[in-house]
Amino acid sequence: MKNKVEINMTKGNPIKVILIFALPILFGNVFQQLYNVVDTAIIGNVVGDQALAAVGATAAIYSLVIGFASGMTNGFSVVLARAFGSGKEEEMRKAVSLTVVLTVLISIGITIVSIVCSKPLLVFLNTPDSIIEQSKTYLDIILLFTIVTMLYNMFAGLLRAIGNSRMPLLFLIVATIVNIVLDIIFVKGLGMGVAGAAYATVISEIVSVILSIVYIRKYCPFLWVKKEYLVLDYKLIYELLMTGLSMGLMLALTSIGSVALQSAVNSFGPEVIAAHTAARKFDDIFMLPLGTLSMAASTFASQNFGAGEKRRIYEGIKASILLAFIWSGITCFIVWVLGKLLITALTGSSDELVINTAMQYIKINIPFFFTLSILLILRSSLQGVGRKMLPLAASGIELVAKFMAVGMITPVLGYLGVCIIEPAIWIICAVIVFIDFIAFTRKSKQGKRSEEGLNNVTFIKVKRISN
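Definitions and limits used
- Residues numbered from 1 in each chain as written.
- Predicted model: local features only at pLDDT ≥ 70, side-chain atom pairs only at ≥ 80, totals over all residues.
- Heavy atoms only, no water.
- Helix = DSSP H or I, 4+ residues; strand = E, 2+ residues; numbered from the N terminus.
- Buried < 20%, exposed > 50% of the residue type's maximum accessible area, 1.4 Å probe, protein only.
- Areas by Shrake-Rupley, 256 points an atom, 1.4 Å probe, with all protein chains shown as cover.
- Core = buried A, V, L, I, M, F, W, Y, C linked by side-chain atoms within 4.5 Å.
- Contact = heavy atoms within 4.5 Å.
- Phe/Tyr/Trp six-rings, centres within 6.5 Å; stacked < 30°, edge-to-face > 60°.
- Salt bridge = Lys/Arg side-chain N within 4 Å of Asp/Glu carboxyl O.
- Expected span 1.5 Å × (residues − 1).
- Axes fitted to C-alpha atoms, helices over the stretch in contact; angles between N-to-C directions.
- Parallel < 35°, antiparallel > 145°, perpendicular 65-115°, else oblique.
- Left-handed = near helix turned anticlockwise from the far one by under 90°.
- Nonpolar A, V, L, I, M, F, W, Y, C, P; charged D, E, K, R; others polar.
- Polar contact = N/O pair within 3.5 Å; in protein donor to acceptor, adjacent residues only side chain to side chain.

Caption draft 1: Broad picture of the overall build of the chain. Helices and strands together make up the secondary structure of the chain, namely 15 helices and 0 strands. The buried share among the 467 residues of the chain stands at 51%. For the chain, the accessible surface area stands at approximately 21300 Å², while carbon and sulfur atoms represent 68% of it.

Below is the structure:
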């Protein structure tokens, strides 16, 4: 199993290995953010505000569906990374073949449910009648090709499982360029409106899937489906499904909670909505490195768990948290020195209410990035070593807390309630995953003592026999 750009994370300095793996993913995330800005600009400037609003109205549903689908494939890659770390090629090949089959079957199910529910969900989210048909058109096209999105995420996950984060970045860059070019052709040149933007997205994802297939067939043949490895290994199927569902549901629950919190924000009027939108955009941009480090920590933990290098798992967690703390400190400095300037640039507003409200949010939220760092990295690492339930439970608590905020906290505290609820949730969830991490640590030490005891017994028996 040798790929010319793979990273074996069971060897080398943890900080160096994690950075080499994480930087391409970070660049990919930043590139995706830039694409979203360009895509929005094309739709808004060419088609107009109604079309832009129609696409924007689908964001919550799109994030929910695609987030769950991406979480599933990320979960599959965790299992693959463990097999790669253990050096068990046959198990790796079986996991790859089953991953492809499960991805196709799950994507078909998601597609059917999503298309049937798209209109009712848009109505539930109070999408204005003037744009609801455009929103449904855009959403149905995207959801009809859920299989393409899942296949790209699956192939990217396969490559990241063996430490290759550079090629998914390259495929993403190519797909993004194709998407922008097709946006201009379909939306501006052919006047296809929001449907053109949807088709541009789908075609660009098809390009990325084709590139992934060509690359894997040529350079990583052990990551390709083989008939002889398509066996009903129920234990492996169960592990893939449970890990995938755990990560998929974790992202889905987070998305549902964010939708609920947004409904509270919408009740405070257009100025607060504008301020919150800008503040969240600021938050999302500066949160990207933390999400990237958590993904790197998950792969690091998975490979080392598979290799039996449990000591390195702790070293990787410490290295990831250190890097996340450094970034959190930089972010706090930027907020206090340049925050107002950046918020003004993001909103394009001179309204003091908008700017001060946005600053209130980020000044309360950003300092808790240190807590969020611990939460994200421990949660991802625990997923990587096969501990699924408590990280998922933490996401469930996040969902419940956000609904409670909408019903009980924001009516009393107003927008301040929105500002404090997420830091409070991060603290609670960080405590939960830390408790699970302690439990994992104790279990690992007990396992090590048991192994040492067995070795001592064996040594004594051999010694007696030799005497």
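After that view, the rundown keeps rolling.
Caption draft 2: Inspection of the nonpolar core at higher detail. By size, the foremost hydrophobic cluster in this structure holds 60 residues, and its most contacted members are I362, F369 and L372. For this core, the secondary structure elements donating two or more residues are α1 (14–46), α9 (234–266), α10 (270–306), α11 (310–347), α12 (352–365), α13 (369–384), α14 (389–413) and α15 (415–466). In this view, L372 contacts M287, L290 and W426; residues no more than four positions away in its chain are not counted. Counting 48 residues, the second largest nonpolar core, distinct from the first, contains F76, F155, V209 and A252.

Caption draft 3: Representation of the packing of aromatic side chains in the model. Counted by the stated rule, this structure contains 11 aromatic pairs. Note on F155 and W224: the rings are 6.4 Å apart at their centroids and 10 degrees apart in plane angle, and the pair reads as stacked. One end of the pair, F155, is in helix α6 (residues 146–161); the other, W224, is in the loop between α8 (193–219) and α9, and 69 residues separate them in sequence. Take F155: its relative accessible area is 5%, and that puts it in the buried class. Look at F325 and F370: their rings are 5.4 Å apart centre to centre, the planes differ by 80 degrees, and that puts the pair in the edge-to-face class.

Caption draft 4: Main features of the pattern of salt bridges. According to the stated counting rule, one finds 5 salt bridges in the structure shown. Residues K119 and E133 are paired through a salt bridge, measuring 3.2 Å at the closest nitrogen-oxygen approach. Placement of K119 in helix α4 (residues 89–124) and of E133 in helix α5 (residues 132–144) is noted, with a sequence separation of 14 residues between them. You can call E133 partly exposed: its relative accessible area is 46%. A salt bridge links E315 to R311, with the shortest nitrogen-to-oxygen separation between them at 3.8 Å. Highlighted residues: E315 and R311, both in helix α11, separated by 4 residues, approximately one helical turn. Residue classification places E315 among the partly exposed positions, given a relative accessible area of 29%.

Caption draft 5: How the structure looks around α12. A rise of 1.5 Å per residue sets the reference length of α12, with its 14 residues, at 20 Å; its end C-alpha atoms lie 20 Å apart and thus fit the reference within 8%. Those residues of α12 that fall on the buried side of the exposure criterion are V354, I355, T357, A358, M359, Y361, I362 and N365.

Caption draft 6: Molecular detail of the packing of α5 against α8. Relative to each other, α5 and α8 sit at 15 degrees, their axes nearing to 9 Å. In terms of axis orientation, α5 runs roughly parallel to α8. Seen from above, α5 lies across α8 with right-handed handedness. Contact with α5, carried on its side by Q134, T137, Y138, I141 and I142, involves V194, A195, A197, A198, Y199, T201 and V202 of α8 and no other residues of that element. Per-class residue counts for the contact of α5 with α8 are 9 nonpolar, 3 polar and no charged.

Caption draft 7: View of the environment of S208. Structurally, S208 is set in helix α8. Residue S208 is classed as buried on the basis of its relative accessible area, which comes to 2%. It is 9.4 Å that separates the C-alpha atoms of S208 and T149, two residues lying 59 residues apart in sequence. When neighbours within four sequence positions are excluded, S208 is seen to be in contact with Y152, F171 and A175. At a separation of 2.6 Å, a polar atom in the side chain of S208 contacts the main-chain carbonyl oxygen of E205.

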